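# Summary of structural features
Spelled out, the chains give:
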Amino acid sequence: DLARDLVMRVAFGLKARTGRAALVAVGGDVHEPQLIERSQIQLLPDGAMAPYHATEGLDPPDARESVRRSIASAHHLATSGIREAARRFTDAGHELCGCAVLVGPGMPSWSTDEILAVHVRMHQAEGELFRDVLVAGARACDLELTTLRDKSALDDATKMLGLTRARLDAQLATLGKSAGPPWSKDQKEAAAAALVALDVRKR
């Protein structure tokens, strides 16, 4: 019947940035996908600095507590943002089949003090944190989770989808035309991840 024909399989991809994540949702068939949504999930409260950088000038116990609170806040915002996105798709009558997150290489098991002692570690830790809270949020929402490497997202997606790179680029360009600007590297990579999540149950 008509209502059933309008229902689409939908998946979304997430790419983290400092304090936010690009979200792109695609639906239908992986060979002719349709753009469902292009939006952003906030991962820091309004006006907040990145967790490790926000500790400047604090003594070690206060710095540790500040980082702990910021990480807890990022987890809460990621989970609630993902849950709200999932609800939008299901409320529209779509079948939500998964979520893909671009992930990093991981971190050594440094303590907060060890991270704060070296500035480059602070950047590294924040990059990992914002990717990690998206993974944890997708799991907390019981979504079928797929991960791709942030550094090689488009190459990984090409392999996982069994497409040529030219074909994937063409699909991403078509989705970008539907979305309108902004359609930068972040949105393209989130869209590629979403296509992998859309295809995952077929593999």
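Just above sits the structure.
Let me begin by describing the structure that accompanies this report. (Residues numbered from 1 in each chain as written. Predicted model: local features only at pLDDT ≥ 70, side-chain atom pairs only at ≥ 80, totals over all residues. Heavy atoms only, no water.)

### Some words on the overall build of the protein chain
Note the following rule: Only DSSP runs of H or I covering at least 4 residues are called helices, and only runs of E covering at least 2 are called strands; the numbering of each starts at the N terminus. Values of the radius of gyration come from C-alpha atoms, whereas the globule rule sets the reference at 2.2 Å times the count of residues to the power 0.38.
Scanning the protein chain for helices and strands turns up seven helices and five strands. The N-to-C order of helical and strand elements in the protein chain reads α-β-β-β-α-β-α-α-β-α-α-α. Here the C-alpha atoms of the protein chain give a radius of gyration of 18 Å, agreeing with the 17 Å that 2.2 N^0.38 yields for 203 residues. Its C-alpha atoms give the protein chain principal-axis dimensions of about 65 × 35 × 30 Å.

### A few points about the pairing of strand β3 (residues 32–42)
The following threshold applies: Strands were regarded as paired on the criterion that DSSP finds at least two bridges between them.
Where strand β2 (residues 20–29) lies against β3, ten bridges are found, and the strand directions are antiparallel. Residue pairing across strands places Gly28 opposite Pro33, the latter belonging to β3. Hairpin connection, β2 to β3: the antiparallel pair is bridged by two residues.

### A word on the sheet that holds β2
Heads up, the condition is: Note on geometry: axes are C-alpha line fits, over the in-contact stretch for helices, and angles between N-to-C directions span 0 to 180 degrees. It only takes one pair of heavy atoms within 4.5 Å for two residues to be counted as in contact.
Ordered by their spatial adjacency, five strands build an open sheet running β3-β2-β1-β4-β5, and the pairing between neighbours is mixed. Only two strands of the sheet have a single neighbouring strand rather than two, namely β3 and β5 (145–149). Along the sheet, successive strands turn relative to each other by an average axial angle of 25°, direction set aside. Both strand β1 (residues 9–17) and β2 contribute to a ladder of eight bridges, which runs antiparallel. In the sheet register, Phe12 faces β2, and the bridge partner there is Ala25. Contacts from helix α4 (residues 119–140) reach β1, β2, β4 (95–103) and β5 within the one sheet, and its direction differs from that of β4 by about 160°.

### Concerning the side chain of Arg9
Quick reminder of the rule: Throughout this description, buried means an accessible area under 20% of the type-specific maximum (1.4 Å probe, protein chains only), exposed means over 50%, and partly exposed covers the range between. Charge counting follows a simple rule: Lys and Arg are positive, Asp and Glu are negative, and His as well as the terminal groups are ignored. Just to be clear on terms, a salt bridge is a Lys or Arg side-chain nitrogen sitting within 4 Å of an Asp or Glu carboxyl oxygen. Distance and chemistry together define a polar contact, namely a pair of N or O atoms within 3.5 Å, with one atom able to donate a hydrogen and the other to accept it when in protein, and with adjacent residues in sequence counting only for side-chain atoms on both sides.
Within the secondary structure, Arg9 is located in strand β1. No salt bridge is formed by the buried Arg9. Its closest oppositely charged neighbour is Glu95, at 4.3 Å. A distance of 3.1 Å separates a polar side-chain atom of Arg9 from the backbone oxygen of Leu198.

### A closer look at the pattern of salt bridges
Overall, the coordinates contain 13 salt bridges when judged by the stated rule. Ionic pairing is found between Arg149 and Asp156, a salt bridge with its closest N-O pair at 2.8 Å. Taking the shortest distance from any N to any O, the salt bridge between Glu189 and Lys185 comes out at 3.1 Å. Here the residue Glu189 and the residue Lys185 both occupy positions in helix α7 (residues 185–199), the gap between them amounting to four residues, near one helical turn. A relative accessible area of 51% places Lys185 in the exposed class. Each of the salt bridges in this network shares a partner with another, and the network as a whole consists of Lys15, Glu128, Arg131, Asp150, Lys185 and Glu189.

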